[in-house]
Structures are given as structure tokens and as C-alpha cells.
Amino acid sequence: MSNKPSPSNWPKWFDPRRREAGSWAFILNRLSALGLTFYLFLHLIVLGTLAQGEAAYDNFLETIHNPLFILGELVVIVGAVYHGLNGLRVGLTSFGIGVSVQKQLFYITLAITAVVAVFFAVRMFS
Amino acid sequence: MINEWKITLKIYRQKGQEPPHYDTFELEVNPDEYVLDAIERVWAFRDRSLTFAHACHHSTCGACGMRVNDVEKLTCITPIRSVVANGGVLKVDPMRNFPVVSDLVVDLGSLYQRMDQVGHRSVLPLGEEPAPHPAAAPAPEDLQALRLADCIECGLCISACPVATTTPAYLGPAVLAGAQQHGLNGDLKLLELVDSDSGVWRCHSAFECTAVCPSNVDPARRIMDLRRQVIGARIARFFGRG
Amino acid sequence: MDKPHAIIIGAGFTGVATAHDLALRGFDVTVVERGPIANGTSGRTHGLLHSGGRYAVKDQESAIECIDENMILRKIVPQVIEPNGGLFIALTESDLEYGEQFIEGCEACHIPIEELKPQQALKLEPNLNPRLLAAFTIPDGTFDPLRLALSFAATAKSNGARFHLYTEVEGLLLDGQGNVVGVKTWDRKTNQRGELRADIVVNATGAWAGEITEMAGASVPVKPTPGIMVAYDQRLCQRAINRLCPPSDGDIILPQRRMMVVGTTSFEVTDLDYVPVIEEQIELMLERGAEMVPGIRQAKVRGVYMATRPLIGAGVTGRSIARTFKCYDHKASDNVDGLVTITGGKATTLRAMAEATANMVCAKLGVTAQCSTKDTPLLSYRQFYALP
Ligand SMILES: Cc1cc2nc3c(=O)[nH]c(=O)nc-3n(C[C@H](O)[C@H](O)[C@H](O)COP(=O)(O)OP(=O)(O)OC[C@H]3O[C@@H](n4cnc5c(N)ncnc54)[C@H](O)[C@@H]3O)c2cc1C
Ligand code: HEM
Ligand code: SF4
Ligand code: FES
């Protein structure tokens, strides 16, 4: 491993050890962004199955009714909420608004995300 | 002097093309001494081949930046007791994102050259440096007096930056902060330099630079302010007034 | 190659300034330094660009050197200097008495001073002790130690000088007659041993000068005399604040960036490679500093460090030793040719020390080039890294 900057160092993006709140925000943002993008593709593929006729689609709806898929859906919702809220935080601070309270904004983002997570968890699993 | 603590120094070693490794040294220290003092003592009494950079020993030269237990520190003003407990291990690595010259020494050349490129002044009128403490605020008639700039070009912010880790071309926090302090003021070359994918827009807001900066620079805030300046300059130019 | 080759041992202030001077005079210059630039005394200096006022009473030779060099450095390296001047302040009757000698001394050394009423001084520096009795302005300044050295080194490099950093001189190469013809080196970066030959070796190792001369069986009367400095995390003054009294412990407060640095003390040691901080001296700096700027008591200590003066002198001790510098041609003193030692002096007089050394080197080698460092503006310190 070299000490020089290099694209091959990318795993270090996701290493939060001994780093501050800002790094956690960045890491979660990047992970949720990747997750959402992955989900978007999945979503498009699934929509593609519509073209194979109603039966295939109904079949699909059956399979996603198991709890594992519901949990997955919850993760997508939580990821999207976090990413969206943190996106606002990043957008604001990017233009100098709230830079000095960026940590607090991050904690608020996390708090709201947690509330939303609980809300949807209760609704989806009850 | 009372050497009341025992600590283990675990120091990154690398010579020439040899593969790196860690050497450990048991050391009796005074917890109120600084990490740099412990390192210098290893050189003085234990291993003369250890190389590390240092000069001023009071946070004005910026030579002694290292990673202490994986966090960027100016070792000359980091008291030992603030980073390790009695009997503990103190791991010392060279800064990231700069080529290692030998052991704890890295080549800061890219930083220095870029600071020149953005025209960061090392001496500024007093009024242009933010006073960090109200009691220190200069009298108005003194605002013309000159003082050395806060940024000591230590590179800690660049070592801590996750973007700099993967992007050698990224100017980096200290340099963008330097550009912000210089001000765009219609300087087209500077505008082109910072309004680029290696400039202000590369920052992904991890705010680690400000967290590790030992010298009151707050590079993250300055990068954000520079973005505003860049957009202002672009708009002005769009309307033919720049 | 026709250019005479000079090896300079040590890249403290003295070494880099000598490299600059010799490079300008057309020498082929190699600097061999066991650490980074200015890692010894030079990096750890207090940082006062002396006006000479501190020495104007007892040591006028040093005082005149200081004021002359102060004015030159302001011109050739403004990029590393806070040129804000200084004050000498009197707090007691005995300070006032010393003031009389001080005025005479400054006049004799053509150091421009101006007396201020206490209220005027307080208007300039509101954080001074309000009980001050008298004040004088003086053209002191603050310099950034590493960057001052780098500026000289950068300019030397641009004129062809080579720098071998982290390379220790472990021994001297001698010809059959005991004359010095080069150095034995240990590159600590790569752990490799080597040899370098030269027409002249300049020993600019400051407090360590005796270790090098010993390698040739020669000697210099260097008396290593460390002192402490304490940096506080607030900048409560914009000028160098000097106590109007004979040189003593903790008599100078220096603003630097966002800090103030109080110094210093003076005592003797034998082990130079690591000088531990003496706790009582930290307290002493606070006491003495707070007499001049009481607000220091509310500031936090940011750093404490020691540095070792390479004072010249045999017999006398500490503060009474003159602060001037001296060049030794070891041919004359020890019958060892090829080796010149430059030591003593101050950071402020680095250029003059280099001039004297280069003059001696030129005379020895029959080179006629004149010194031109007085009028040569130095490059940006950052160029040291830009140049190959
Ligand atoms: C406490 C204190 C405060 C001071 N304050 C001021 C001040 O405010 N203003 C002022 O003008 N002056 C001040 N001075 C004086 C000034 O700092 C010194 O005179 C000056 O730094 C000496 O520089 P130098 O190059 O001779 O020595 P150094 O800077 O010590 O350089 C010697 C170099 O030689 C190297 N070396 C040693 N042995 C070897 C070897 N075997 N091989 C290779 N390299 C070697 C060392 O690593 C070192 O870098 C102060 C001094 C002290 C001690
Ligand atoms: C509420 C709506 C959204 C907002 C406000 C938003 C905001 C942002 C912001 C500000 C960034 C830049 C972060 C940085 O500088 O590091 C970003 C990055 C990104 N976003 Fe979004 N986003 C939203 C929705 C989405 C969605 C739905 C997807 C995917 C389908 C997505 C995918 C990405 C990707 C891939 C990145 C790059 C990640 C990185 O560089 O770390 N975003 N988003
Ligand atoms: S901005 Fe701060 S951390 Fe970065 S180089 Fe300057 S002083 Fe060091
Ligand atoms: S040694 Fe100068 S900043 Fe630490």
C-alpha cells in the first residue's frame, strides 16, 4: 500500500476509524447513494418484468411479500431519507450556510432518519 | 524532570525501497512532554537512524505533522497525556497522501508549490487575519501591522481528507483555504484553477480538515466561502462584469 | 570542473546562509545536514529579529551587527518577517536607571529609539502592565525560523547548491598530513554510507561544532548554553516587548502568528542531542512574562521548548559571554588545513556570519569574488521544494 494519493485507495473512503462526525456523514451518504443507485437499477429491471405479462409480475409480487424483502424495502426507505436529508445539509453547507453547525445538522439528520425508520418499521411489520 | 510514565512507542519505519514495518520502543516519559519530544528522545538515545521532520517545536513551522494513533497531530504541541494513558501504546505514522521520504518524513513539496500557485501570502496585514480570541483583537491603529499567516503549511488537513486519498490532482483544503484568503478579486487564472474538478467542487464535505487543523484556519469554511466567490465571479463574468 | 567545491556541514541558519553566499560567489556547494533544514538550534530559536537594543549596553559589537543585519534582512526576506517593531518597557526604579545606559548605548550603536509616555505605550499595546513607568520604541521584528532558513536554502539551490538532508557527517576524510579533504557520510534516509570530497569543508554545526573539529583533532571554544521558551495560545501584543533591564531570564515577549512566546533562560549542559525541559523554568517564564503583559496568566501554554546557543568563550559563563560570532581557520589554530569553523552569533546575524566565512574561504582558496548577499533578494521559501 502506497502513501501517495491514488484511486486504488478507495476503500479508505469507508474507513471511519478515529474520524469525526463529518466523515460518518460522508461515508453514510456515499453508501446510501450507492445503495439507492443499485436499487434504481433493480427497480427498472423489475418494471421490465411487467413487459413479460401480468402473470410474471404477480408472481414477483408474491415473492416480495416475505419479511426479508420487506426489511430490504425498509433499508431503501431509510437510506433514501438519510441521503435526502444529508443532501440538504451538504447543499446548504456547500454555500456557506450552517458550516459551523454541520455536526449538529448531521445529528438532526440522523435523528429524523431514526424516527422515520421506527415509524415505517412499525407500519410495515405490524 | 520527572519521567513518571512508561509508554510504548510504535513507530512506522521505511528506508529506501525496503518494505515498511513498525519498531517499538519502551520509553519512560513525562506525560506533560510533547509527542515530538518522545520521538526525538528515541533518536537521541535509542536509534540514530530514525528520521522525522521538525524545526520550531512550538507550532509555527508546520514541519512536525504526523499521525498519532491514526489521528493527524502537530506533534510538537500534542502533550503525551492527551493521546495515551500510562502504560499505553503510542502509534506514530507519517502523514497520508504525501510520498514517504523515510520513516516519519514525507515530501510536502506538492503542498508548498500549490500554495505558491494560489498566491497564498505568508505575511498579511493584521486586520486580514481573524483574531481567534477577543482579548487578542488588535487596536485599530495596528491593523496596518503585518503578521505571519495562520496556515503553517503543515499538511495535516490533506492527510485527513478522504478525497485527497484517492485524487492526487485535488488541490486540497490548505490550498483552497489559501486561495480563499488571497481572494479571487478578478484573478482569472486563479478562478480557472479553483473552479475545476480538482478545485472547490471536489470537496465532499467530510469536514476532517477543520477537525485536525492545529492553527485556526478552518479550511472547510473557507472552501465553502470560496465556492460562493467562484459562483459570484462566474455570474459577474456572465453579465460581462468580471 | 573549475569551480571550487565547498562542503558545508549543518543546515542551520549559519550553514544555509553560507551556502547562499558561496553559491553566489560561484562555488560548487554541497550542504550535508543530519536532519531536516533548521532542526537544531535555528528552528527552535525565539524568533526575535534583534534590533540590537538587548545588547546595546554591554556588548556593543553584537548590537551593531544586529541593527545592521536587521535592516538588511527586512529588505531581502520580507516574506518571513513580522516587521512590527518592539518596545522596551520599564516597570521598576532600577529599570529606569538602566534606561539611562540604554539610551546612551543605543545612540552609540546607531539604533533608532523613541521615548514614549506610558499612556502612549498603552495606546499602542493595551495589554501592557498599566503600571509601566517608561517605554522606548525600537525596530525589532519577528521572523519565522524555518522559513527564514528555507529562503536562504532555496536561493542557494537556485544557484546550484545541493542539499543532502538526513545525512550525518560521521567522520572527516584526511590526507596523509592530517588535512581535511572531505567528509564521511551516513544517509539516514536510505541507511547508506558514503564519502564526499571537497576543496574546503565548512563546519557550521553550531553547538555541535566541537564534535566535528574533534574528528580532525582540532578544537573550538564553543560553550553550548541552552534556554527555554514558552509559547502561549494568545496574541496579546503586536510588537516585541522587552524588559528595560540587563539581559535576564524571561525578558522578552514575542508575538508570533496567533501566539506569544516568552523567553528565555541561560544555563549549561553537556548532552546536546536532547535537552529536557526544566519545569521550574516554565513557571519562571510565566512570572516574568506576566510582569510585562499580565494577561498571559489567562492564556494557555501551547508549547514549551529548549534550544542551545553556540556561545563562544572559554572561562566565562552564560549571559556574560559576548553574542558575536567567530570564524576559525583551523590551519592557523590547529595546523589542520581544509577546515573552517563558523559559530556563535545570532539568527539575526546569519548573513554577516556567512559573509565573513565566505571571505575566509575565498582568501584560503585564492578566489576573488566579492560578497553580494546584501543586495540579493531571496526567493520564496517554497521554492526550496519546487527546485530539483
Ligand atoms: C534559547 C535561544 C533563543 C534564541 N533566540 C534568538 C533570537 O530571538 N534571535 C536571534 O537572532 N537569535 C536567537 N538565538 C540564537 C540563534 O538561534 C542561533 O545563534 C542560531 O540558530 C545558530 O545557528 P547555527 O546554524 O549556527 O546552529 P544550528 O541551527 O544548531 O545548526 C547546526 C546544524 O548542524 C547539524 N549537525 C550537527 N552535527 C552534525 C553532523 N555530525 N553532521 C551533519 N549535520 C550536523 C545540526 O543538525 C544542525 O541542524 C537564540 C538561541 C537560543 C539558544
Ligand atoms: C432527496 C433527493 C436527493 C438529494 C437532496 C440528494 C443530494 C445529494 C448530494 C448533495 C450529493 C453530493 C454529496 C457529496 O458531495 O458528497 C449526492 C450524491 C449522490 N447521490 Fe443524491 N440526492 C438525492 C437523491 C438521490 C437518489 C434517489 C439517488 C440514486 C438513485 C442518488 C444518488 C447519488 C449518488 C450516486 C451520489 C454520489 C455519491 C458520492 O459522491 O458520495 N441521490 N446526493
Ligand atoms: S489549513 Fe491548517 S491543517 Fe491545513 S496546512 Fe494549513 S495549518 Fe495545516
Ligand atoms: S516543529 Fe514546527 S510546527 Fe511542530
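Quick notes on the rules
Residues numbered from 1 in each chain as written. Chains lettered and ligands numbered in written order. Predicted model: local features only at pLDDT ≥ 70, side-chain atom pairs only at ≥ 80, totals over all residues. Heavy atoms only, no water. pLDDT = per-residue confidence, 0-100. Axes fitted to C-alpha atoms, helices over the stretch in contact; angles between N-to-C directions. Helix = DSSP H or I, 4+ residues; strand = E, 2+ residues; numbered from the N terminus. Parallel < 35°, antiparallel > 145°, perpendicular 65-115°, else oblique. Left-handed = near helix turned anticlockwise from the far one by under 90°. Contact = heavy atoms within 4.5 Å. Nonpolar A, V, L, I, M, F, W, Y, C, P; charged D, E, K, R; others polar. Domains from an automatic or database assignment. Buried area = accessible area lost by both parts, 1.4 Å probe. Salt bridge = Lys/Arg side-chain N within 4 Å of Asp/Glu carboxyl O. Donors = N, O, S within 2.8 Å, 3.2 Å for Na, K, Ca; no water. Polar contact = N/O pair within 3.5 Å; in protein donor to acceptor, adjacent residues only side chain to side chain. Near = heavy atom within 4 Å. Pairing = 2+ DSSP bridges.

Participant: What is the right way to read the confidence of the model for chain C from this model?
Facilitator: When pLDDT is low, close inspection of the predicted coordinates is not appropriate. A residue-level look at chain C finds 98% of positions with pLDDT of 70 or above and a mean pLDDT of 95. This prediction of the complex comes with two scores: 0.95 for pTM and 0.95 for ipTM.

Participant: Sorry if this is basic, but what is going on with the packing of helix H5 (residues 173-182) of chain B against helix H8 (residues 219-238) of chain B here?
Facilitator: When two helices pack together, their arrangement is captured by the angle between the axes and the distance separating the axes. All names here are of chain B. Viewed as axis vectors pointing N to C, H5 and H8 meet at an angle of 55 degrees, and their least axial separation amounts to 8 Å. Taken together, the axes of H5 and H8 lie oblique to each other. Between H5 and H8 lies a crossing of left-handed hand. Taken together, the residues of H8 that come into contact with H5 (itself represented by Pro173, Leu176, Ala177, Ala179, Gln180 and Gln181) are Pro219, Arg222, Ile223, Asp225, Leu226 and Gln229. Of the residues assigned to the contact of H5 with H8, the class counts are seven nonpolar, three polar and two charged.

Participant: Got a minute to help me understand the confidence of the model for chain A in this structure?
Facilitator: Confidence in the prediction of chain A, expressed as mean pLDDT, is 91, and 98% of residues score 70 or more. At the level of individual helices and strands, chain A shows its lowest average pLDDT in helix H2 (residues 54-63) of chain A, which scores 82, and its highest in helix H4 (residues 102-125) of chain A, which scores 95.

Participant: So what exactly am I meant to see when it comes to the domain arrangement of chain C here?
Facilitator: For interface size, the figure often reported is the accessible area lost on association. Residue and element names in this part refer to chain C. Once the domains are mapped, chain C shows domain 1 (5-41 + 146-221 + 323-386) and domain 2 (82-136 + 223-312). Look at where the C-alpha atoms of domain 1 and domain 2 centre, and you get two points 31 Å apart. Every contact between the two is made by 15 residues of domain 1 and, on the other side, eleven residues of domain 2. When the two sides are added together, the surface that domain 1 and domain 2 hide from each other amounts to roughly 1,000 Å², 59% of it contributed by carbon and sulfur. Considering only the side of domain 1, the residues that lose the most area to domain 2 are Thr41, Ala207 and Arg323, jointly responsible for 43% of the buried surface there. Remark: the boundary between domain 1 and domain 2 carries one salt bridge. In this structure, Asp273 engages Arg34 in a salt bridge whose closest nitrogen and oxygen atoms are separated by 3.4 Å.

Participant: Looking at this structure, I do not really get the coordination of the iron atom of ligand 2. What am I missing?
Facilitator: Six octahedral donors around a metal ideally subtend angles of 90 or 180 degrees, whereas four tetrahedral donors ideally subtend 109.5 degrees. The sole protein-derived ligand of the iron atom of ligand 2 is His83 of chain A (NE2), positioned 2.0 Å away. Turning to its location among the elements, His83 of chain A is positioned in helix H3 (residues 67-94).

Participant: Can you walk me through the interface of chain A and chain B in this structure?
Facilitator: With 24 residues of chain A at the contact, the number on the chain B side is 31 residues. For the pair chain A and chain B, the summed buried surface comes to about 2,300 Å²; carbon and sulfur atoms form 58% of the total. Ranking the residues of chain A by area buried against chain B places Asn3, Pro5 and Arg19 of chain A at the top, with a combined share of 27%. At the boundary of chain A with chain B, the tally comes to two salt bridges. The salt bridge involving Glu72 of chain B is made with Arg19 of chain A; its shortest N-O contact spans 2.6 Å. Across the chain A-chain B interface, the total number found is 16 residue pairs in polar contact (both at pLDDT 80 or more).

Participant: It is not clear to me how the site of ligand 2 should be interpreted in this structure. Could you clarify?
Facilitator: In the vicinity of ligand 2, the residues found are Asn29, Arg30, Ala33, Leu36, Thr37, His83, Gly84, Gly87 and Val90 of chain A together with His204 of chain B. Near ligand 2, the surrounding residues are drawn from chains A and B. In the model, an oxygen atom of ligand 2 is placed 2.5 Å from a nitrogen or oxygen of the Arg30 of chain A side chain. Separating a nitrogen atom of ligand 2 from a side-chain N or O atom of His83 of chain A is a distance of 2.8 Å. At the level of elements, helix H1 (21-50) and H3 of chain A are the ones that each hand at least two residues to the shell around ligand 2. Per element, the largest residue contribution to the shell around ligand 2 is five residues, and it comes from H1 of chain A. For the shell around ligand 2, the per-class residue count stands at three nonpolar, six polar and one charged.

Participant: Looking at this structure, I do not really get the environment of Thr41 of chain C. What am I missing?
Facilitator: Residues and elements named next belong to chain C. Locating Thr41 in the fold gives a position in the loop between strand S2 (28-32) and strand S3 (48-49). Separated by 265 residues in the primary sequence, Thr41 and Met306 place their C-alpha atoms 8.6 Å from one another. Each residue touching Thr41, except ones within four places of it in the same chain, is listed here: Trp208, Ala307, Thr308 and Arg309. A distance of 2.7 Å separates the side chain of Thr41 from the backbone oxygen of Thr308, its partner in a polar contact.

Participant: Whenever I open this one, the sheet that holds strand S1 (residues 5-13) of chain B confuses me. Can you help?
Facilitator: What links the strands of a sheet is backbone hydrogen bonding, and the strands pair in either a parallel or an antiparallel sense. Residues and elements named next belong to chain B. With mixed pairing, the five strands of this open sheet are ordered in space as S2-S1-S5-S3-S4. Each end of this open sheet is capped by a strand with a single partner; those strands are strand S2 (21-29) and strand S4 (71-74). Neighbour-to-neighbour, the strand axes of the sheet open up by a mean angle of 35 degrees, direction not taken into account. Where strand S3 (residues 65-68) lies against S4, four bridges are found, and the strand directions are antiparallel. Its bridge partner being in S4, Val68 is matched across the sheet by Val71. Relative to S2, helix H1 (residues 35-46) is tilted by about 100 degrees, and along the sheet it contacts S1, S2, S3 and strand S5 (89-93).

Participant: What am I meant to see in the sheet that holds strand S12 (residues 192-197) of chain C here?
Facilitator: Residue and element names in this part refer to chain C. The strand order S10-S11-S12 describes an open sheet built from three strands, whose pairing is antiparallel. Each edge of the sheet is formed by a strand with only one pairing partner; in this case those strands are strand S10 (167-174) and S12. Mean inter-strand twist for the sheet, computed between neighbouring axes without regard to direction, equals 25 degrees. Here S10 pairs with strand S11 (residues 180-187) via seven bridges, running antiparallel. Within S11, the position partnered with Leu173 by the bridge is Gly182.

Participant: What is the right way to look at the interface of chain B and chain C in this model?
Facilitator: The interface is formed by 62 residues belonging to chain B together with 58 residues belonging to chain C. Carbon and sulfur atoms supply 52% of the area buried between chain B and chain C, which totals about 4,900 Å² over both sides. A per-residue breakdown of the area chain B buries against chain C is headed by His58, Tyr112 and Leu148 of chain B, which together make up 13% of the total. Put simply, chain B and chain C have six salt bridges between them. Inspection of the chain B/chain C interface yields 31 residue pairs in polar contact (both at pLDDT 80 or more). At the level of elements, H1, strand S6 (100-102), helix H2 (109-117) and strand S9 (146-148) of chain B are the ones that each hand at least two residues to the side of chain B that touches chain C. Among the elements that take part in the side of chain B that touches chain C, H1 of chain B stands out by supplying six residues, more than any other. Residue composition of the side of chain B that touches chain C, by class: 32 nonpolar, 18 polar and twelve charged.

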